[in-house]
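Residue-level structural notes
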Amino acid sequence: MASSTTFDPEDLANAAAAVASQLAAGGDTAQRPLRTSQSFRMDEGYSGEETPSLYEDPNQREDMRSARDNGELKIPAWMAGLNDALREEYAYKLVRTLPTSHIASLVDRLVPILHLDFVQILPSELSLQVLSYLPARSLLSASLASRTWRRFALEPRLWRDLYRSVGWEENSAEVRLFESQMRERADEEARQQQQAKRKAEEQRDEEKQMRDQARRNMDRFRASIPPHIEGSNISGGPMDTSGEWPAQGSNTTPPYDTPTQTPDSSDMNYYPSGSESQRTVRGSTNPGISFGSAAAMSEDDDMYPSSLSRPVLLPTYQEQSLPIRPTLTTPGYSNQMRLNWAFLYKNRKMLEDNWLHNRYTTFQIPHPNHPLEGHTECIYTIQYSPNFLVSGSRDRTVRIWNMRTRRLVGEPLKGHNGSVLCLQFDESPDEDILITGSSDSSVIIWQFSTGKILKTIEKAHQESVLNLKFSKKWLITCSKDKFIKVWNREHLETTHKDYPWHSKYLFGNGAEARQHPHHPSNIGQNQSVWTVQDPSSASGFGLQNPYASSAGTNRGFGSRAPPKGAVRAIPAYSTVQNLVGHGAAVNAIQLHGELIASASGDRLIKLWNLRTGLCEKTFMGHSKGIACIQFDGRTIVSGSSDQTIRVFDAETQAELATLQGHGALVRTVQATKSRIVSGSYDESVRIWRKDSEDRWVPGPVLRQTPSPSHRTAAAAGAGHPANAGAQLAALAYSSAVHMHQIQHVGGPGFAGAVAAAQLLPSHHHHTQFQPTVLPQPGAAVPGAVPTPHTGHASATTHRVFKLQFDARWIICCSQDSKIIGWDYAADEEGIVEASRFFKGGS
């Protein structure tokens, strides 16, 4: 059988040699000519081979090309039966018999087989899919291969995925706004180009009409000249061909047959004012007429008024080359500009390196040139966005600052009768709201854009409002009175999907609520809760719906919550839940979806369900009262008077890490997936980051350096953990005693001094300040007589009360009347330009 056929090696060698000699001698198979693209080669020197004849048979060469293209040249069966190694050896021996030029041509034919450029061959989508598996450094290396590779390797979609894969987040609203602006700009440019093109076409049509009209007028004018004056001037003299203007005194005029052929006729008005024909016929009293210039005019001559300039031809589309250095925008399809994610990735990487190596610039609010715009006393709370910063102070005012100019926006907002301890704002047009809480136990809702008070809840709690958070639907507040309250932000009818049917605060055991026809348990499977018919709407007897809202005093509740058991419509900003469970002041809360995380002086962290008002989980670990908390749905980070920061898993309640380093109460903390920034009464701001093994490690320590007038000998060692606690405790103790003596004189704004002392680390000689239940840290005041900071402040004038950070900034407030910021863009122009699109820390 053919499969068992064997070949004698000697016969194979002889056959191969015969084929090689036949090819070398130019037998039946002609030598293949060089490729057209490689027809010219440099002299490669002496090769030891015979020079092929320059006079090859054209027919033989054509037969060879036809045989190669049509696949008629077959490999002998005996050669196809050899193994790969033997065929390779025979092919090499055979190639070595070829002239150098043929070997080079053969190599050219093999290169496409050995080196396939998939970017050129595959569809763009598949090429991008292949490149999407490369890391950033490999993509940058690939961009150096060629222009085509550069365009693919720097495709914004690849770098957007890389940006997100690192864990960085973008400011989606800012990205959408920027891209919409670019689309609008591109659409406007396209409209302008279309208008220019249309005007150019109209101008060409108008010019063509004018040329045609002028030519017709010239033909009629020439036809009107009598034959006996052909070739002479009108007066019968010889034609003046000297090119000079005739004397001004000549007043002879040419004869015209018809009035329409006079120089003043409407048809003649088509002669342009700057043309040679008009200067001869209309612009002079000389009757001499020359038609040589007009006869020689072509359609392309510039014979029209300057106001009708020729259209500018729009350039044809050419693909723009990418710049050497990435810029904020990059050309896309049809050269429409897009956001360049490679630029964002590069500058975000530089920004993270600045964080790692602690490179920053500092700034303060108010601007140093306008110190009188600042608060007159210490600042307890801040919140900022890319455009604004809002601060609340012990001076009972709220101030809005422009983040770019660091100047005050408008007048200070006044309305509280106590220290402003907490706030939150949303400047977006659909919200435009600012909510503040105070030590006077009130909550005020302001219109952010105007500073107008929209609503005041006088007694939101029985004692100081220490913290608040809001979403589009709910407002959550916590207080020194140990309670957490949930308020609705919009009017709720019983048919509303967010109506708090499960609220024990409103309905007690819920028996009456369950009997209500709008209660979810009474709605059939095929009937929507939103389509329950009002029983009074179709009665025809003027009956009143007992479940509808009303402005009457007997059925409406105004700003008060309805009495227990009364199932009625609930006005906006009414208490719908009262969460009870903590045994001390609730110092901080966080809202994530429908979960509320709370931290209290009773050393516990609780996780509540907003809908049901039930405590679902309790976290224990701190040995003293907890002052601050951060919750993102997965992780809880808390700071305590035990001088530690603890990280908990929200699902398993396991304590993941305990961070030690502060020398006093950890008053404020903010966290992301890989970075924690904390502020303490030891006057320091500490940065913690995750290492390569996913462990939290301490990073740089930042301090608000006070001026010499604010520093005393007792504060010289405050930055050292070894003695900071003792110094702060001693100062707090003496200040607390003093403040306790004057609290009846100073009013409720001074009543938090004892709380400040209790939140500091305790020592053996101050055992009287070691309570099991800690009052609020929010009402803590400077450890001195409460006067504005005029150079006579206590030694610890920079206890950090509140901080916030994002990808670029850390900003904090303290006992000082100034707000201090650290800018990790470090004045790098590219980082500053790109930072508007960054969100949060890494």
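These numbers come from a predicted model, not from an experiment.

Time to look at the overall build of the protein chain. Assigned secondary structure in the protein chain consists of 19 helices and 32 strands. Classification of the 842 residues of the protein chain by burial places 43% in the buried group. In the protein chain, the share of contacts with a sequence separation of at least 24, taken over all contacts with a separation of at least 6, comes to 55%. Surface exposure of the protein chain reaches about 45,000 Å², of which carbon and sulfur atoms provide 52%.

Let's shift gears to the pattern of salt bridges. Going through the model one piece at a time under the given rule, you end up with 31 salt bridges. In this structure, Lys93 and Glu89 form a salt bridge, with 4.0 Å as the shortest nitrogen-oxygen distance. Of this pair, Lys93 and Glu89 both sit in helix H4 (residues 84–96), four residues apart, which is roughly one turn of the helix. What makes Lys93 exposed here is its relative accessible area of 51%. What makes Glu89 partly exposed here is its relative accessible area of 40%. Linking Asp632 and Arg634 is a salt bridge whose minimum nitrogen-to-oxygen distance equals 3.5 Å. A network of salt bridges, in which partner residues are shared, links Asp430, Glu431, Lys472 and Arg489.

Another point: the packing of helix H10 (residues 156–165) against helix H14 (residues 341–357). The N-to-C vectors of H10 and H14 enclose an angle of 35°; their axes lie 7 Å apart at closest approach. Contact residues: H10 offers Pro156, Trp159, Arg160, Leu162 and Tyr163, while H14 offers Trp341, Ala342, Leu344, Tyr345 and Arg348.

The subject of this paragraph is the sheet that holds strand S26 (residues 675–680). Note: strands within a sheet are paired through backbone hydrogen bonds, in either parallel or antiparallel orientation. Read from one edge to the other, the open sheet built from four strands follows the order S25-S26-S27-S28, with strand pairing classed as antiparallel. The two strands at the open ends of the sheet, each matched to only one other strand, are strand S25 (666–671) and strand S28 (696–703). Between one strand axis and the next, the sheet turns by 20° as a mean value, whatever way the strands run. Here S26 pairs with strand S27 (residues 684–690) via five bridges, running antiparallel. Bridge pairing in S27 places Val677 opposite Ile687.

What follows covers the UniProt feature "repeat: WD" (unreviewed entry) in the protein chain. Mapped onto the present numbering, the UniProt feature "repeat: WD" (unreviewed entry) falls at residues 372–411, 413–456, 458–497, 579–618, 619–658 and 659–688. Between the end C-alpha atoms of residues 458–497 there is a gap of 29 Å, over a span that is 0% helix and 42% strand. In this annotation, residues 619–658 is assigned 0% helix and 60% strand; the end-to-end C-alpha distance for the span is 14 Å.

The subject of this paragraph is the nonpolar core. Most often, soluble globular proteins have nonpolar side chains that are buried together. Residues Trp159, Leu339, Leu344, Val685, Ile810, Trp822 and Tyr824 are the most contacted members of the largest nonpolar core, which totals 45 residues. Grouped together as the second largest cluster of nonpolar side chains are 23 residues, Ile379, Ile382, Leu466 and Cys813 included.

To continue, consider the sheet that holds strand S12 (residues 453–457). Taken in spatial order, the four strands of this open sheet run S9-S10-S11-S12, and their pairing is antiparallel. Here the strands that pair on one side only, and so sit at the sheet edges, are strand S9 (420–426) and S12. Ignoring which end each strand starts from, the neighbouring axes of this sheet average 15° apart. Where strand S11 (residues 443–447) meets S12, four bridges bridge the pair, whose relative direction is antiparallel. Its bridge partner being in S12, Val443 is matched across the sheet by Ile457.

The subject of this paragraph is the pairing of strand S14 (residues 474–479). The element S14 is extensively covered by neighbouring structure, given that six of its six residues are classed as buried. Residues Trp474, Ile476 and Cys478 of S14 are buried on one face, and the alternating residues Leu475, Thr477 and Ser479, pointing to the opposite face, are buried as well. As defined by bridge partners, strand S13 (residues 465–470) adjoins S14 across five bridges and the pair is classed as antiparallel. Across the sheet, residue Asn467 finds its bridge partner in S14, namely Cys478.

On average, the protein chain scores 74 in pLDDT, and the residues at 70 or more come to 63%. Scored below 50 in pLDDT, residues 525–559 shows 44 contacts in the model against residues more than four places distant or in partner chains. Of the regions scoring below 50 in pLDDT, residues 706–795 engages in 156 contacts with residues more than four places distant in sequence or in other chains.

The tally for this structure, following the rule as stated, stands at 21 aromatic pairs. On the basis of an interplanar angle of 65° and a centroid distance of 5.2 Å, the ring pair of Trp159 and Tyr345 is categorised as edge-to-face. Separated by 186 residues along the polypeptide, Trp159 in helix H10 and Tyr345 in helix H14 bring together distant segments of the chain. Exposure class is identical for Trp159 and Tyr345. Each is buried. Ring pairs connect the aromatic residues Trp159, Tyr163, Trp168, Trp341, Tyr345 and Phe838, which therefore count as one cluster. The cationic tip of Arg164 hangs over the ring face of Trp341; the distance from NZ or CZ to the ring centre is 5.9 Å. Above the face of the Trp355 ring, Arg675 is positioned so that its terminal group lies 4.1 Å from the ring centre.

A few words on the side chain of Thr381. Along the chain, Thr381 turns up in strand S5 (residues 379–384). Beyond its immediate stretch of four places on either side in the chain, Thr381 contacts Val390, Ser391, Gly392, Val420, Leu421, Cys422, Leu423, Lys802 and Cys813.

With respect to the helices, strands and loops of the structure, Ile484 is situated in strand S15 (residues 484–488). Look past the residues within four positions of Ile484 in its chain and what remains in contact with it is Ile476, Thr477, Cys478, Gln577, Asn578, Leu579, His582, Val586, Ile589, Ser598 and Trp608.

Right, let's talk about a nonpolar patch on the surface for a bit. Taken together, the side chains of Leu116, Ile121, Leu122, Leu126 and Val130 define a hydrophobic patch exposed on the protein surface, amounting to about 470 Å² of accessible area. As for its placement among the helices and strands, Leu116 is situated in the loop between helix H5 (100–114) and helix H6 (118–121). Take Leu116: its relative accessible area is 61%, and that puts it in the exposed class.

Together, Glu201, Glu202, Asp205 and Glu206 make up a region of like negative charge exposed at the surface. You can see Glu201 is positioned in helix H11 (residues 172–223). The partly exposed category is assigned to Glu201, whose relative accessible area is 35%.

Attention now goes to unusual backbone geometry. A cis amide bond, omega 5°, links Ile365 with the succeeding residue Pro366. Backbone geometry at Lys482 places phi at a positive 80°, although glycine is not the residue there. Mapping Lys482 onto the fold places it in the loop between S14 and S15. Of note, Gln643 is a non-glycine position whose phi angle comes to about 70°, a positive value. You can see Gln643 is positioned in the loop between strand S22 (635–640) and strand S23 (644–649). The exposure class assigned to Gln643 is partly exposed, which follows from its relative accessible area of 22%.

Thresholds applied
Residues numbered from 1 in each chain as written. Predicted model: local features only at pLDDT ≥ 70, side-chain atom pairs only at ≥ 80, totals over all residues. Heavy atoms only, no water. Helix = DSSP H or I, 4+ residues; strand = E, 2+ residues; numbered from the N terminus. Buried < 20%, exposed > 50% of the residue type's maximum accessible area, 1.4 Å probe, protein only. Contact = heavy atoms within 4.5 Å. Areas by Shrake-Rupley, 256 points an atom, 1.4 Å probe, with all protein chains shown as cover. Salt bridge = Lys/Arg side-chain N within 4 Å of Asp/Glu carboxyl O. Axes fitted to C-alpha atoms, helices over the stretch in contact; angles between N-to-C directions. Pairing = 2+ DSSP bridges. UniProt positions renumbered as here; feature names shortened; annotations may be inferred. Core = buried A, V, L, I, M, F, W, Y, C linked by side-chain atoms within 4.5 Å. pLDDT = per-residue confidence, 0-100. Phe/Tyr/Trp six-rings, centres within 6.5 Å; stacked < 30°, edge-to-face > 60°. Lys NZ or Arg CZ within 6 Å of the ring centre and 35° of its normal. Patch = residues over 30% accessible without salt bridge, like charges linked within 9 Å, V, L, I, M, F, W, Y side chains within 5 Å. Lys, Arg positive; Asp, Glu negative; His and termini not counted. Charge placed at Lys NZ, Arg CZ, Asp CG, Glu CD.

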